[in-house]
Amino acid sequence: MSLFIPSQVRSDIPLLHREVHDRPIVYLDSAATALTPRIVIESMSRYYETYHSNVHRAVYVTAAEATDAYEEARVAVGRFINAAHPADEIIFTHGTTEAFNLLAKSWGRANLTSSDAIVLTEMEHHANLVPWFQLRDEIGFEIRFLRVTDDYRLDLSTLNELLTGAKLLSVTGMSNVLGTINPVAELAAAAHRHGALIAVDGAQSVAHGVTNVQGLDIDFLAFGAHKMLGPTGIGALWVRRELLASMPPFLGGGGMIADVSLDGFSAASGLSKYEAGTPPIAEAVGFATAVHYLESLGMEAIAAYESQLTSSLLTGLATNFADRIRVIGPTTMEARGSVVSFDVDGVHPHDVAQVLDQFGVCVRPGHHCAKPLMKRFGLAATARASFGPYSDQSDIDTLMIALEDAVRLFA
Amino acid sequence: MSNLEDLYREIILDHYRNPRNRGELVTPPAHKTEGFNPLCGDEITVFIQVEGDTLVDIKIAGHGCSISQSSASLMSAAVKGKSLEEVRATINTFKQLMTVHEATLDNEAEPEPVNLRALGELAALQGVVKFPVRIKCATLSWNTLTQGLDEL
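Quick notes on the rules
Along every chain, residues carry numbers that run from 1 in the direction the sequence is written. Labels follow written order: the first chain is A, the first ligand is 1, and so on. Predicted model: local features are reported for residues with pLDDT of at least 70 only, side-chain atom pairs are reported and counted for 80 or more only, and whole-chain, interface and lining totals are derived from all residues. Each side-chain value is worked out from all heavy atoms of the structure, with water and hydrogens disregarded. Between 30 and 60 degrees the pair is tilted, below 30 it is stacked and above 60 it is edge-to-face, where a pair is any two Phe, Tyr or Trp rings, Trp via its six-membered ring, whose centres lie within 6.5 Å. Helix and strand definitions follow DSSP, with helices as H or I runs of at least four residues and strands as E runs of at least two, each counted in order from the N terminus. Burial classes: relative accessible area under 20% of the type maximum marks a residue as buried, over 50% as exposed, and values in between as partly exposed (1.4 Å probe, protein chains only). Comment: the charge-over-ring label is applied if NZ (Lys) or CZ (Arg) is within 6 Å of the ring centre and within 35 degrees of the ring normal. Here a residue-residue contact requires only that any non-hydrogen atoms of the pair lie within 4.5 Å. Reported buried area values correspond to the accessible surface (1.4 Å probe) lost by two parts on association, with both partners' losses combined. Just to be clear on terms, a salt bridge is a Lys or Arg side-chain nitrogen sitting within 4 Å of an Asp or Glu carboxyl oxygen. Only protein atoms enter the 1 Å grid used here, on which a cavity is any set of points holding a 1.4 Å probe that cannot leave and a pocket is any open set flanked by protein within 12 Å on both sides along at least five of seven lines; residues with an atom within 4 Å of a point are listed as lining. Grid points are joined across faces, edges and corners, and a volume is the space filled by probe spheres set on the points. When residues are grouped by polarity, Ala, Val, Leu, Ile, Met, Phe, Trp, Tyr, Cys and Pro land in nonpolar, Asp, Glu, Lys and Arg in charged, and all others, Gly among them, in polar. Each domain's extent is set by a domain assignment, obtained either automatically or from a database.

Caption draft 1: Representation of the packing of aromatic side chains. Residue and element names in this part refer to chain A. Scanning all chains against the criterion turns up 12 aromatic pairs over all chains. Here Phe-4 and Tyr-305 contribute two aromatic rings whose centre-to-centre distance is 5.2 Å and whose plane-to-plane angle is 85°, an arrangement assigned as edge-to-face. Of this pair, Phe-4 sits in the segment before α1 (6-12) while Tyr-305 sits in helix α11 (residues 299-320), and the two are 301 residues apart along the sequence. Consider the rings of Phe-133 and Phe-145, whose centres lie 6.4 Å apart with planes at 50°: the pair is tilted. Taken together, the residues Phe-133 in helix α6 (residues 130-139) and Phe-145 in strand β6 (residues 142-146) connect sequence positions 12 residues apart. Judged by relative accessible area, Phe-133 falls into the partly exposed class, the value being 27%. One aromatic cluster is present, formed by Tyr-70, Phe-92, Phe-223 and Phe-287 through successive ring pairs. Over the face of the ring belonging to Phe-377 we find Arg-376, whose NZ or CZ atom lies 4.6 Å from the ring centre.

Caption draft 2: Representation of the interface of chain A and chain B. Facing the 16 residues of chain A at the interface are 21 residues of chain B. Summed over both sides, the interface between chain A and chain B buries roughly 1,500 Å², with carbon and sulfur atoms accounting for 56% of that surface. When residues of chain A are sorted by the area they lose upon contact with chain B, His350(A), Gln354(A) and Gln358(A) head the list and together hold 33% of the total. Where chain A meets chain B, there are 1 salt bridge.

Caption draft 3: Empty space enclosed by the protein, seen in detail. Residues and elements named next belong to chain B. Throughout the structure, instances matching the rule amount to 1 cavity of 30 Å³ or more. The volume enclosed by the largest cavity comes to roughly 40 Å³. Counting residues per element, the lining of the largest cavity draws most heavily on helix α3 (residues 66-79), which supplies 3 residues. Residues belonging to the lining of the largest cavity are distributed by class as follows: 3 nonpolar, 3 polar and 2 charged.

Caption draft 4: View of the layout of surface pockets. In this structure, the largest pocket encloses a volume near 1,000 Å³. Contributing elements (two or more residues each) for the lining of the largest pocket: α5 (96-111), α12 (349-358), β15 (361-362) and β16 (364-366) of chain A together with α6 (135-151) of chain B. With 4 residues, α12(A) is the largest single contributor of residues to the lining of the largest pocket. In the lining of the largest pocket, the residues fall into 18 nonpolar, 15 polar and 8 charged. When residues are assigned to domains, the lining of the largest pocket turns out to be shared by domain 1 (6-30 + 298-409) and domain 2 (41-296) of chain A, each giving three or more. When its volume is computed, the second largest pocket comes out at roughly 430 Å³. Forming the boundary of the second largest pocket are 23 residues, of which Ile181(A), Ser205(A), His208(A), Gly209(A) and Val210(A) lie nearest the centre. Across the lining of the second largest pocket, the residue classes break down as 10 nonpolar, 11 polar and 2 charged. When residues are assigned to domains, the lining of the second largest pocket turns out to be shared by domain 1 (6-30 + 298-409) and domain 2 (41-296) of chain A, each giving three or more.

Laid out in structure tokens, this is it:
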């Protein structure tokens, strides 16, 4: 049962109780990083205060507790996305970016050759572009791109052609700039028809709705805790279990070996081989608390609530600024998430954000690490507002007042 | 809102709305230098034409926020027609203006007061130092000009 009461969620977030410039903070940058509930912070403090120890290979009580907590976190995160084998399919990483680097450098390097091709899209975050460019520059495969239409959707008319002979489709579940939600199940079916695997960038989508990796029938999912009300410094790559056999170790070092001698090493079995070094243990504990917290609110309830807020923001922008502000992304709620990029006519996004800051309003100006997408729409940057489950209508109201001021100042 | 008015002074908004010396020069004889702010995607191109010891013409192209655009416009007006020595001196004074804040933050000895009179309209940019994130916006065109002069 969902326990989602927006005002309660708001009071759960300590940071929302502070002021900036003598005004209550209006946090509209959850797509960059979501705010952290008190219980997440407390769970990490509890680790440091009562069972801070390194994981694995120790027999004393606190080390066993830390190991249990770390492995329980893996299961919690796996269950959150409905992994078939939650204990065996979640590789912890530093975040979404490292998850893609792991995918490219482990699966990619072992499975791609100079005669292969992969398919990416024009709306990807640099995290799902640069690791592939790096690998391409090393071994020389072909990278093909699904383009973005004028109405901010993937152009699926070329999908079958692009997938022909491709080994992987790697695509975002939800654009961090446009808010577009991509038809992942349809893309997965198409990829599999062509014998390709599909990787999904879940950084933006995972915190804002139900994610069911089995239902979507995907092969890899990359996501990060800090956009899910969890701590920074940890994320995950979910890998369908059968594929782990095709993935050699990633980073080398302690924890990832079965044996080491002066002749060389052999890799550990299981997920350890992808997690060299001391993992982010406190962060794993916080990650687990965050997914439990999200589950207690109910992902369907969060999706419905944020959809309502997004709709209100789109209506507010259209009503109050029809001739001054252009939304860069879908303007209806169909297959659309709670990220709203906009362009204020004659006002640079940096200046928009600067004026908004004086009202305590936090939005993000810039290219949002999606420069090819910016180029596609002839923009250097946009301003972007985005919601979390703690956002509410008062945030939108203050944003409107602040935008009036920005427009007036630069009129 | 006083802070914001410090940043967005009327002279700055005027130079943003009506940038001076906007455009391009034929290269050669002019020299072209591009500057980027990779964090925000701002791009600026500075064209300079030097004859003998004088910067006889300067044009600015590219795009960016009001601070980077107005700073470039103010810079172009301040250095056009000046001797290279005067141009270098103006650059140094401006950079001094932009570093006052950091020195103050570090509780170092009070820096030499900047000769605001020598800066003329450029002094309008002094409010930028209260917004450290924006200093890079203000200095983009100046660094690009410096690079251009060094390349000559």
